[in-house]
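Coordinate analysis (summary)
One-letter residues, chain by chain:
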Amino acid sequence: VDTAAATRAGNVVARAAELAQLRAWLDDARRQRHQLAFVVGEPGLGKTTLLDLFVASLAADDPHVLVARGQCIDQHGSD
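1. What about the environment of Val 65?
- Its place among the elements puts Val 65 in the segment after α3 (47-61).
- Looking at Val 65, the relative accessible area reads 23%, which means it is partly exposed.
- When the C-alpha atoms of Val 65 and Arg 30 are compared, they prove to be 9.9 Å apart, with 35 residues separating the residues in sequence.
- Beyond its immediate stretch of four places on either side in the chain, Val 65 contacts Arg 30 and Leu 58.

Below, the structure is given as structure tokens:
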């Protein structure tokens, strides 16, 4: 499955509950209830696709929302 195409088309299977939770956390933040959330799981479960879809939906809902993204890079050995 092409995850970029699926994200653009909104074709994410069985993630309605997760999207609803992300929206609920955003609503809490808008009400000054600050929190930190992590999306975790095994590789290949669609975490990035889920977040890409959520972030894309934000642009349509509220163009004033700012999004910061980070990435964990697995490194082995010494620096």
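2. A look at the layout of surface pockets
- Of the voids in this model, the largest pocket is the one considered here, and its volume is about 1,000 Å³.
- The set of elements that each furnish at least two residues to the lining of the largest pocket consists of α2 (16-30) and α3.
- The biggest single contributor to the lining of the largest pocket is α3, with six residues.
- Each residue belonging to the lining of the largest pocket can be placed in one class, and the counts come to 17 nonpolar, four polar and two charged.

3. Focus: the nonpolar core
- Listed in full, the seven residues of the largest apolar core are Leu 19, Leu 22, Leu 26, Leu 50, Leu 53, Phe 54 and Leu 58.
- Elements with a contribution of two residues or more to this core: α2 and α3.
- Of all the elements, α3 adds the most residues to this core, at four residues.

4. Quick look at the side chain of Asp 28
- Note that Asp 28 resides in helix α2.
- Non-local contacts of Asp 28, meaning those with residues more than four positions away in its chain, are made with Arg 33 and Gln 35.

5. Details of the confidence of the model for the protein chain
- Summing up the model confidence of the protein chain, the mean pLDDT is 80 and the portion of residues at 70 or higher is 82%.
- When pLDDT is averaged over each helix and strand of the protein chain, the minimum, 49, is found for helix α1 (residues 3-9) and the maximum, 92, for α2.

6. Topic: α3
- For α3, with 15 residues, the first-to-last C-alpha span of 21 Å sits near the 21 Å given by 1.5 Å per residue.
- Of the residues making up α3, those classed as buried are Thr 49, Leu 50, Leu 53, Phe 54, Ser 57 and Leu 58.

7. Notes on the pattern of salt bridges
- A complete count under the given rule lists six salt bridges for this structure.
- With its nearest N and O atoms 3.4 Å apart, the salt bridge here joins Arg 30 to Asp 62. Of the two residues, Arg 30 is situated in helix α2 and Asp 62 in the segment after α3; the sequence distance between them amounts to 32 residues.
- Residue classification places Arg 30 among the partly exposed positions, given a relative accessible area of 42%.
- Residue class for Asp 62 comes out partly exposed when judged on its relative accessible area of 22%.
- Each of the salt bridges in this network shares a partner with another, and the network as a whole consists of Asp 27, Arg 30 and Asp 62.

Parameters and conventions
Residues numbered from 1 in each chain as written. Predicted model: local features only at pLDDT ≥ 70, side-chain atom pairs only at ≥ 80, totals over all residues. Heavy atoms only, no water. Helix = DSSP H or I, 4+ residues; strand = E, 2+ residues; numbered from the N terminus. Buried < 20%, exposed > 50% of the residue type's maximum accessible area, 1.4 Å probe, protein only. Contact = heavy atoms within 4.5 Å. 1 Å grid on protein atoms, 1.4 Å probe; cavity = no way out; pocket = protein on both sides within 12 Å on 5 of 7 lines; lining within 4 Å. Points joined across faces, edges and corners; volume = space filled by probe spheres on them. Nonpolar A, V, L, I, M, F, W, Y, C, P; charged D, E, K, R; others polar. Core = buried A, V, L, I, M, F, W, Y, C linked by side-chain atoms within 4.5 Å. pLDDT = per-residue confidence, 0-100. Expected span 1.5 Å × (residues − 1). Salt bridge = Lys/Arg side-chain N within 4 Å of Asp/Glu carboxyl O.

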